[in-house]
Amino acid sequence: MGRRSIPWQQGLVLLALWTPAFAQQAPRITETHDGAILNRHDGSAVTDGLRITVSGKAPGAGSVRVNGVPATIKDGAFESQVTLRERETQIVAEGEGGAKHAINVLWDRDSFPRYRFSVDDNIWFLRDIARNVDKYQSIFENPYLAMWRDMHEKYGTKVHFNIYYQTDNFNLTQMPIKFREEWRRNSDWIRLSFHARANDPAKPYLNAPAAQIRADYELVAREIERFAGSDLLGKVTTVHWGEATREGSRALHDQGIRVL
């Protein structure tokens, strides 16, 4: 008998019918996501671990195992519980036939409840203290600082003031050293840090060279150390408008800033 040929169109139909029967689609993890940093808000604390829910899409009617444990399947989706015990964990969802989807997540196991206020664009309260140096016996006679001290005493609030070097008819060289010891005594909850040379212009460091942001930082940091002491000089800052060049950011790092 001679060999029977199959028209090419019919061959495509046969291939289309054959492929799904043998090709298994990988399950897809949709919650949580690759690179996620997880803490107590993202799951349940257990002994030496954090139990989280992992869910995703489960194509077809087959089973799914998450890190080797069968997952619950319903309406084309899967769900499973995974306990994180290391700082970094790989989570693998595996379908029938070995098709897999893997992600890596991080457990922030040192996380604990805490907060602080970071306040930008500060200088007027410093100008007020300087102008009333003969009248004030405490920096907290300034109403703005008094309000923040009240927040600290009531709630344990710690406050980070990002400050300018100058404003209208005032710059930090005019700050008196009269209150230096009082600043130091409150260094457990007050931080002063560089923000910008002045409020204007807007976005001063968006395209600024490293030399400019370094010079402005040094103006502010030098005066903070002089009138308040190095204990109050923060290693965290928000530059004015929150934007700087890579070179500018490196210049701040060279000056001791560790968090932007």
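Presented here is an overview of the structure given in this document. (Residues numbered from 1 in each chain as written. Predicted model: local features only at pLDDT ≥ 70, side-chain atom pairs only at ≥ 80, totals over all residues. Heavy atoms only, no water.)

Regarding the pairing of strand β4 (residues 49-57)
Side-chain positions along a regular strand alternate between the two faces of the sheet. Here strand β1 (residues 28-31) pairs with β4 via three bridges, running antiparallel. Across the sheet, the residue bridging to Glu-31 is Ser-55, located in β4. Note that strand β3 (residues 44-46) and β4 share three bridges and pair antiparallel. Paired with Ser-44 across the two strands is Arg-51, which belongs to β4. Hairpin connection from β3 to β4: two residues lie between these consecutive antiparallel strands, with Asp-48 at a positive phi of about 55°. Bridge count between β4 and strand β8 (residues 77-84): eight bridges; the pairing is antiparallel. (Pairing = 2+ DSSP bridges. Helix = DSSP H or I, 4+ residues; strand = E, 2+ residues; numbered from the N terminus.)

With respect to the pairing of strand β10 (residues 100-107)
Only one face of β10 is buried, namely the one carrying His-101, Ile-103, Val-105 and Trp-107, since none of Lys-100, Ala-102, Asn-104 and Leu-106 on the opposite face is buried. Where strand β2 (residues 37-38) lies against β10, two bridges are found, and the strand directions are parallel. Bridge pairing links Ile-37 to Leu-106 in β10. (Buried < 20%, exposed > 50% of the residue type's maximum accessible area, 1.4 Å probe, protein only.)

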